[in-house]
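Fold and contact review
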Amino acid sequence: MAIRETGIIRNKEQMRNWTRSMRAQGKTIGLVPTMGYLHQGHLSLIAEARKHAQLIVVSIYVNPGQFSANEDLSTYPSDFQGDIEKLQSTPDGVDVVFNPYNMYDYGEERERSGGKKREKEEGVVSCLEDERGGGFGHETWIRVEGLEKGMCGKSRPVFFRGVATVVAKLFNIIEPDVAVFGKKDYQQWRIIQRMVRDLDFAVKVIGSEMIRDKDGLAMSSRNVHLSPREREQIQTVMFFCDIYKNHMRARHLSISRSLFEAKKGKNICSELRRSVIESIEAAGGKIDYVEIVDQESLEAINDEEITRGGGGGVVICVAAWFGKVRLIDNMEIDVLQHS
């Protein structure tokens, strides 16, 4: 396979100038935002982006704004040279890698402040706001207030405002026509969709299906931190995807009209949620949350609502700790409308 040379841009203005010059030539641009340590899941996002745009930009940036001061920013895995080699070996490659050093370093604010660091604020702050963060002068955040409240937003209170803000910055710098996000980070994908709608970004946001390893574990850069024992524990239950399938087979349930008719009034959500929790805990995991929510609003669905149906869909979202590694997963379920 021929290796395609990939351009690397680190300066925001240079990135914006490249994009605008390409757009002036009539080219369409797709963006795949990443934090690096790329795996097959990331490469599948690039393949999806190729279906919708002529030129592809991959951003590699570990965003301090989405980590709180006590989270794993310093241990987040990184292999920039390996990432470039993977991108170059990908069919059709990518056109540019945007790898800024610090997207929050505003030189003029630093000069005016004499390089002074802001006082540490009370409550939960991001690494950017922490006295070690180096985010001179940055104080503007984007919040998608409803969608960010539940699930990951409960245990990671600064996470989604950090994600929404850095993605907005990327959109303003790169000005892509389309941007592709993985559905593994389901709540994140829905939040970015809502931000784009509410703030009138001229970007089409595409959700790409999750990629799993052979053992069923959703691909994640953090998986590298799992010990062999922890990986074995996860394989014991075939992780969340197969927990769901096994439960449904065991209960003889199917998402169809017969489900709603046969199980009307029964505790379908409660049974499924309890089964997932028990399976993960039996494998040595510690539950952060197990939620069954509407795919669009991310509001919790109760037994009566899923029994009644409504023509939309629900998603089972799970977060659990195995050792020091926090893993997330989800599965969409279509709910058929019927009279």
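Definitions and cut-offs
- Residues numbered from 1 in each chain as written.
- Predicted model: local features only at pLDDT ≥ 70, side-chain atom pairs only at ≥ 80, totals over all residues.
- Heavy atoms only, no water.
- Pairing = 2+ DSSP bridges.
- Helix = DSSP H or I, 4+ residues; strand = E, 2+ residues; numbered from the N terminus.
- Axes fitted to C-alpha atoms, helices over the stretch in contact; angles between N-to-C directions.
- Contact = heavy atoms within 4.5 Å.
- Phe/Tyr/Trp six-rings, centres within 6.5 Å; stacked < 30°, edge-to-face > 60°.
- Buried < 20%, exposed > 50% of the residue type's maximum accessible area, 1.4 Å probe, protein only.
- Lys NZ or Arg CZ within 6 Å of the ring centre and 35° of its normal.
- Core = buried A, V, L, I, M, F, W, Y, C linked by side-chain atoms within 4.5 Å.
- Salt bridge = Lys/Arg side-chain N within 4 Å of Asp/Glu carboxyl O.
- Parallel < 35°, antiparallel > 145°, perpendicular 65-115°, else oblique.
- Left-handed = near helix turned anticlockwise from the far one by under 90°.
- Nonpolar A, V, L, I, M, F, W, Y, C, P; charged D, E, K, R; others polar.
- Polar contact = N/O pair within 3.5 Å; in protein donor to acceptor, adjacent residues only side chain to side chain.

Turning to the sheet that holds strand β3 (residues 55-60), a few remarks are in order. In spatial order, the strands read β1-β4-β3-β2-β5-β6; together these 6 strands make up an open sheet with parallel pairing. Each end of this open sheet is capped by a strand with a single partner; those strands are β1 (7-9) and β6 (204-208). Here the average twist between neighbouring strands, direction ignored, is 25°. For strand β5 (residues 178-182) and β6, the ladder comprises 5 bridges, and the chain directions are parallel. Paired with V180 across the strands is I206, a residue of β6. Contacts from helix α6 (residues 159-174) reach β2 (29-34), β3, β4 (96-98) and β5, with the element oriented near 150° to β2.

This structure, assessed with the given rule, holds 4 aromatic pairs. Relative to Y76, the ring of F67 has its centre 6.2 Å away and its plane inclined at 80°; by these criteria the two rings are edge-to-face. With respect to burial, F67 and Y76 carry one shared label: buried. Its end group placed over the ring of W141, R161 keeps NZ or CZ at 4.0 Å from the ring centre.

Here we take up the nonpolar core. In this structure, F171, I174, I192 and M195 are the most contacted members of the largest nonpolar core, which totals 48 residues. With 11 residues, the top contributor of residues to this core is α6. Apart from residues lying up to four places away in sequence, I192 is in contact with V163, A164, V167, F171, F181 and V205.

Within this structure, the stated rule accounts for 15 salt bridges. The salt bridge involving D95 is made with R50; its shortest N-O contact spans 3.2 Å. With D95 in the loop between α3 (80-89) and β4 and R50 in helix α2 (residues 40-50), this residue pair connects regions lying 45 residues apart in the sequence. D329 is the partner of R212 in a salt bridge, and the nearest nitrogen-oxygen pair spans 2.8 Å.

Moving on: the pairing of strand β9 (residues 325-334). Of all the 10 residues making up β9, 8 are buried; the element is thus mostly covered by neighbouring parts of the structure. Sheet topology places strand β8 (residues 313-322) next to β9; 10 bridges connect them, and they run antiparallel. Residue I316 lies in a different strand from β9, and its bridge partner there is M331.

The subject of this paragraph is the packing of α6 against helix α7 (residues 186-199). Relative orientation of the contacting elements α6 and α7 amounts to 50°, with a least axis distance of 10 Å. Between α6 and α7, the angle falls in the class oblique. When you trace α6 past α7, the crossing you get is right-handed. On the side of α6, the interface is formed by F159, F160, V163, A164, V167, A168 and F171, while α7 contributes Q187, Q188, I191, I192, M195 and V196. Class assignment for the residues of the contact of α6 with α7 results in 11 nonpolar, 2 polar and no charged.

Here Y37, not a glycine, exhibits a phi torsion of approximately 50°, which is positive. If you trace the backbone, Y37 turns up in the loop between β2 and α2. Of note, M151 is a non-glycine position whose phi angle comes to about 50°, a positive value. With respect to the helices and strands, M151 occurs in the loop between α4 (107-113) and α5 (152-155). We classify M151 as buried; its relative accessible area is 4%.

Burial analysis of α2 places 8 of its 11 residues in the buried class, the great majority of the element. Looking at α2, one finds that the buried residues are G41, H42, L43, S44, L45, I46, E48 and A49. Each element contacted by the buried residues of α2 is listed here: β2, β3, α3, β5 and β6.

The next point concerns the sheet that holds strand β7 (residues 286-294). The strand order across the open sheet formed by 3 strands is β7-β8-β9, and the pairing between neighbours is antiparallel. One side of each edge strand has no neighbouring strand; the edge strands of this open sheet are β7 and β9. Pairs of neighbouring strands in the sheet enclose a mean axial angle of 10°, with direction left out of account. Each of β7 and β8 touches helix α11 (residues 268-282); the most contacted strand, β7, lies at about 155° to it.

When α3 is considered as a whole, its buried residues turn out to be G82, D83, I84, L87 and Q88. Close packing links the buried residues of α3 with β1, α2, β3 and β4.

With that out of the way, let us pick up the side chain of E129. Of note, E129 is situated in the loop between α4 and α5. There is a polar contact of 3.0 Å between the side chain of E129 and the backbone nitrogen of S126. A polar contact of 2.4 Å, which involves the side chain of E129, links it to the side chain of R161.

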